[in-house]
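Structural characterization, general
Each chain is listed here by its residues.
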Amino acid sequence: MIRRSLLAAAAAIALASPALARDPLVVGQTFIAAGLDPARGSAGWALVSHGVAEKLFTVNQRGRLEPQLAEAATRIDERTWTVTLKAGRKFSDGTPVTARAIAETLARTVTENAAARASAGTVTFEATGDLALRVQGERAIPSVAALLAEWAFAIYRRDGDRTLYTGPWAVESYEADRRLKLVPNAHHPAGGGLPPVEVRRFPDAQALALAAQAGEVDLAFNVPAETLPRLQRGDGITVKSFPVSYQYMAWLNTTRPALADVRVRRAIDLAIDRAELVKTLGGGMPATGAYAPEFPFSGKAARPFDAARAAALLDEAGWRLEGGVRRKDGAALRLEVVAYPQRPDLVTMLPVVRARLTALGIEVATRVSENVSVTAKEGSFDMLMWAQHTAPAGDPAFFPNLFLRSGAANNHARFADPGLDALLDGFGRESDAERRAEIAARAEQRVFEMAPVVYLLTPVWHVAVSRRAAAYTPWGSDYHIVRPDLRPAR
Amino acid sequence: MPSAGYRRYLPLALVCALAVAGMWVSDATVHGIDLDRRLAGPSLASPLGTDAVGRDVFARVVAGGGRALAVVALTLAASLAGGVALATLWFASPEALRSPLVRLCDLAIGVPTLLVALVVAGAVGLSPLSAALALAVGGSASVAHLAIGLGRSVLRSPAVRAARAMGGTPVHLVRRHLGPALAPPILLAQGYEAGRVLLAWSALTFLGVGADTSQPDWGAMVFEYRVHLFDAPWLVLGPSAAILVLAFVCAQVTDPRATVSMGDKPL
Amino acid sequence: MFGPICGRRDDLLRHAALSAVLLTALALVSFALPRALPGHPAETILFRLGVVPTPEAVRAFTEQAGLDRPLIAQFVAWIGRLAAGDWGQSLRGGEQVAAGLLERLPASLAIGAGGLALGAAMALALGFAAAAGNRPAESVSRGLAFFAQAVPAFVAGLAAIHVFGVELRWIRPFGGGPLERVLLPTALVALYSAGALARLVALETRRAMAMPFFVAARAKGLSLGAAVRGHAGPFGAIALLAALRVEAAWVVGGTAVVEVLFATPGISAWMVDAIGDRDWPVLQAYLLLVGLWLIAVEALSSMALTRLDPRRRP
């Protein structure tokens, strides 16, 4: 086996020729699809990001939901919708996309992929015409577009062991954990004139930046800010920085005695200098609230920084400064701040957050948790640094409903506030975008007052592109990386 | 050798003293940030420059000494304790159990250290103690291996046989014969382990087990500063040199001509 | 499995029984260790997928993966499937574990075994030369041993990529052919092994040079170099082989850092991912594989050493 691969290697080197015109465009990133079957695990998400799979509905560049393979949807009753499909769309082998084909594979997805049952239970699909699909949930489906824009609902067709998709590129070959070779899908509306693409995985982001410097990748997605000066000096390399919708924030565990006091929480919120964090990370924007500025419902003013007011609040709460340390009844105010290594920026911010809290007289212990889902679930933290895409489907209700409502599955702050819950109930009654934005604004105000969470900043990410990919414009997340504007510049 | 004996402890004593002194470096100096003095080069005020948030790297290296010594000392102590216990078990075992025990030790020596450490760190979090326990798995097996091999030949020697015939107690055997014969080579092997332990620790941070880079910690510092390797190489140099010095000093204690370390690499 | 098998029947039985016990213990440890990690695969993987881990979603995932059954039933089912050649499926992407291991093994073996072989060759050359009094060889092996104790492999690896891939552009460490891609990682493994091994070879060779037979060989008129190679050298080589036994163990499972750094999809890089995902089926298969490899290396090397080294024969 080894011998054969060595021989092949020798042959490959011997045959190595100057770059061909149709050399694939190489995209380097830190993750790659774990498989080609969207019914398994995260494959759907990655395949959409790789430009291979599409869904019935999707989120566009500005974070709004829009139909993709679907044309429109109408609601029949609380649990039932009818979705009509766009005519003329085809899978990469030329077979037309029909309601029947979709109903068949989505039924399979729902049976095999637990993630597909997370929002509305077991959803059933029935073809009621060539291009008409009846969708019925086990539970209510408030928005079929939001449901079917979830990653688990990628559209595919099974042909024996092969899986075929509808995206601008089709899979040519796949090596687990290493690379995915893509060819343009001639049956896609944008498929003509696209270059072949090779998606390569680099588990270490610094190695990815070095690969870009060495000219081994045409598009290096999300390289560390520290590597930018060298990349910019590289021949023909352009660095594009773009804000992403992953907000950085910190949960305050409201069940801890000191943090049960809203004044202490607000003091912490006021003590954080967002501008300083932006400087530390070499980019980003001070947070205005839960949402990135690109969303129409995002806050307008940056969160205030006022150390004096923070100190006054702590005094008021009975935490008095004694010998440089805040104490109440002899006990020191001590907080454990936790971050996780999968988001290196959070770890980078730790010392800066620590310095601000220490300056206030709070004793700070820091910890880096390898499995943050356990930390969040157990509540074994005082302050938990967190990165979250707060509006993955362009809807303001997603984040507060799942993270801040009393008893919500992701309520890491263990925050329970009937006032906020009542405001959030408004989302259930209101479907007009502007009115929903108003509800969101009022809910945000309430969250600022109660401070179960400290919004830190909207980060920027960086891509390095070669001359061939100079026309590329990154979108504000890692949801859609390989896109038709990868067409080589002429 | 005994006459010059104390001299070889001098470097280690010095390093220990420095590490102890490091405990008195104030929190404000170790954790103090200064965003207007980021990535400053080496100067008189900060001999190893400042890092990306303006912390003084020299202060952090000095303050990290205690932690590094703790990791090394805990690992070596755990290896010794485990190894001696295993060897004792071997000597106390009936003939039939002895060979499997040795084979088990052979297997344990081979277990990739990083694998054990990753699992242990995943289970109880990465701390000097948990790392020490993980790194001591292979360590105690190799101590046991050495002790069994040497102990066997000591027990067969005429002096020990004579002592036994004269009714020497086990305590006497250990104190007069086994101990003096076994301790030097075992300690010698341990002296080489310090560098390996610290590098394995650093490798764990690279693999994302989650070392806290806001603590002054040599392994975590090398990991954190690696992104500046080509622009501010002195950042990596400081903690790396510290690791090298500690490794060298530990090896010197047990073997004045030492430079070699055996065992697996933190790859 | 336990060393060389002697001809006697009861010995044979004893070895067989011990092997059975050992394999069972190995299977139990491989099964239990991943489950000792805090965090459940359902929660961890759903979190990584960005799916809200509602109790229903977690339950559905757990049932789907068959992780809701009693531990004993899970263990028995795993062993049963193993016996039938089915190593299970990854929880993250549904990848077949056996096929996944086979696909990733060549890269790990190439880096580990190739690096070790290169390191051993360097060690022999440097060690003999140093024993014969060559000062530069002595310094180089000393320097390598030092380097391996102070510089983490990821720093050395980054520097190597920077120098050879970015500045000099001699090779393409990520995009080149298979040989080109394993070149740097293999060299790195070799560099990290060579120093210590070379010093070991030199030490043992020098020890043999103090023995009467060596003096006799020199008295017969052999040159220093020839005498070292012909008479003292075998001692160094045997010591090297004994040391390689330990090193060979981490050929499979010890190269995680270089695999991650050089984006080489080997089994150790897979293990690192699987720990992060709490992907139990992958982890238990990996642990089992490493265990079997260790046992095999142990058995083979004691056979080889017994054959080569007359002192070890009963």
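In this text the structure is predicted, and so the values were computed from the model without any measurement.

It is worth spelling out the overall build of chain A at this point. Within chain A, the secondary structure is distributed over 14 helices and 24 strands. For chain A, the C-alpha radius of gyration of 25 Å lies close to 23 Å, the compact-globule estimate for 490 residues. Considering only C-alpha atoms, chain A reaches an extent of 75 × 60 × 45 Å along its principal axes. Evaluated residue by residue, chain A yields a buried proportion of 57% over its 490 residues. For chain A, the proportion of contacts with a sequence separation of at least 24, taken over those separated by at least 6, is 66%. When the accessible area of chain A is evaluated, it comes to approximately 18800 Å², of which 52% is carbon and sulfur surface. Charge centroids of chain A, computed over 59 positive and 53 negative side chains, lie 2 Å from each other.

Check the secondary structure of chain C and you find 13 helices and zero strands. What you see in chain C, going N to C, is helices and strands ordered as α-α-α-α-α-α-α-α-α-α-α-α-α. If you line up chain C on its principal axes, its C-alpha atoms span 85 × 65 × 30 Å. A buried classification covers 57% of the 314 residues belonging to chain C. Looking at chain C alone, contacts between residues at least 24 apart form 69% of all its contacts between residues at least 6 apart. As presented, chain C carries roughly 12800 Å² of accessible surface, and 69% of it is formed by carbon and sulfur atoms. Of the charged side chains in chain C, 27 are positive and 20 negative, and the gap between their average positions amounts to 13 Å.

All names here are of chain A. Once the domains are mapped, chain A shows domain 1 (54–164) and domain 2 (246–458). The centre of domain 1, based on its C-alpha atoms, is set 36 Å off from the matching centre of domain 2. With six residues of domain 1 at the interface, the matching set in domain 2 holds six residues. Counting the surface lost from both domain 1 and domain 2, the interface buries some 410 Å², and carbon and sulfur atoms represent 51% of this. Its largest share of buried area at the contact with domain 2, domain 1 owes to Val59, Gly63 and Arg64, together 60% of the area lost on that side.

What follows deals with the side chain of Ser79 of chain B. Residues and elements named next belong to chain B. Along the chain, Ser79 falls in helix α3 (residues 57–92). Taking relative accessible area as the criterion, Ser79 reaches 3% and is therefore assigned buried. With sequence-adjacent residues up to four places away left out, Ser79 is seen in contact with Ala136, Gly139, Ser140, Val143 and Gln190.

What follows covers the interface of chain A and chain C. Facing the 48 residues of chain A at the interface are 48 residues of chain C. For the pair chain A and chain C, the summed buried surface comes to about 4100 Å²; carbon and sulfur atoms form 61% of the total. Where chain A touches chain C, the interface holds five salt bridges. Across the pair Asp177 of chain A and Arg92 of chain C runs a salt bridge whose closest N-O atoms are separated by 3.6 Å. Connecting chain A to chain C are 11 residue pairs in polar contact (both at pLDDT 80 or more).

Once that is clear, we can look at empty space enclosed by the protein. Residue and element names in this part refer to chain A. One pass over the full model with this rule turns up 11 cavities of 30 Å³ or more. Reported here for the largest cavity is a volume of approximately 110 Å³. What lines the largest cavity is a set of 14 residues, and nearest its centre among them are Val59, Asn60, Gln61, His389 and Ser477. In the lining of the largest cavity, the residues fall into five nonpolar, eight polar and one charged. When residues of the lining of the largest cavity are assigned to domains, at least three map to each of domain 1 (54–164) and domain 2 (246–458).

Residues and elements named next belong to chain C. At a minimum axis separation of 9 Å, helix α2 (residues 41–49) and helix α3 (residues 55–64) run at an interaxial angle of 115°. Remark: the crossing between α2 and α3 carries right-handed chirality. On the side of α2, the interface is formed by Pro41, Ala42, Glu43, Ile45 and Leu46, while α3 contributes Ala57, Val58, Phe61 and Thr62. In terms of residue class, the contact of α2 with α3 is built from seven nonpolar, one polar and one charged.

Residues and elements named next belong to chain C. Domains assigned within chain C are domain 1 (2–83) and domain 2 (97–312). For domain 1 versus domain 2, the separation of C-alpha centres amounts to 31 Å. The interface of domain 1 with domain 2 comprises 22 residues on the first partner and 16 residues on the second. Between domain 1 and domain 2, a total of about 1700 Å² is buried, with carbon and sulfur atoms accounting for 72% of that surface. Between domain 1 and domain 2 we count four residue pairs in polar contact (both at pLDDT 80 or more) in total. Contributions of two or more residues to the side of domain 1 that touches domain 2 are made by α1 (9–36), α2 and α4 (71–83). In terms of residue count, the dominant contributor to the side of domain 1 that touches domain 2 is α1 (nine residues).

Leu231 of chain A together with Leu207, Trp218 and Leu246 of chain B are the most contacted members of the largest nonpolar core, which totals 148 residues. Among the elements that line this core, the one with the most residues is helix α8 (residues 178–209) of chain C, at 13 residues. The residues that make up this core include at least three from each of domain 1 (2–83) and domain 2 (97–312) of chain C. Contacts of Leu246 of chain B, omitting those with residues within four sequence positions, involve Val15, Ala68, Leu69, Val72, Ala194, Leu198 and Trp218 of chain B.

Criteria and thresholds
- Residues numbered from 1 in each chain as written.
- Chains lettered and ligands numbered in written order.
- Predicted model: local features only at pLDDT ≥ 70, side-chain atom pairs only at ≥ 80, totals over all residues.
- Heavy atoms only, no water.
- Helix = DSSP H or I, 4+ residues; strand = E, 2+ residues; numbered from the N terminus.
- Rg over C-alpha atoms; globule rule 2.2 N^0.38 Å.
- Buried < 20%, exposed > 50% of the residue type's maximum accessible area, 1.4 Å probe, protein only.
- Contact = heavy atoms within 4.5 Å.
- Areas by Shrake-Rupley, 256 points an atom, 1.4 Å probe, with all protein chains shown as cover.
- Lys, Arg positive; Asp, Glu negative; His and termini not counted.
- Charge placed at Lys NZ, Arg CZ, Asp CG, Glu CD.
- Domains from an automatic or database assignment.
- Buried area = accessible area lost by both parts, 1.4 Å probe.
- Salt bridge = Lys/Arg side-chain N within 4 Å of Asp/Glu carboxyl O.
- Polar contact = N/O pair within 3.5 Å; in protein donor to acceptor, adjacent residues only side chain to side chain.
- 1 Å grid on protein atoms, 1.4 Å probe; cavity = no way out; pocket = protein on both sides within 12 Å on 5 of 7 lines; lining within 4 Å.
- Points joined across faces, edges and corners; volume = space filled by probe spheres on them.
- Nonpolar A, V, L, I, M, F, W, Y, C, P; charged D, E, K, R; others polar.
- Axes fitted to C-alpha atoms, helices over the stretch in contact; angles between N-to-C directions.
- Left-handed = near helix turned anticlockwise from the far one by under 90°.
- Core = buried A, V, L, I, M, F, W, Y, C linked by side-chain atoms within 4.5 Å.

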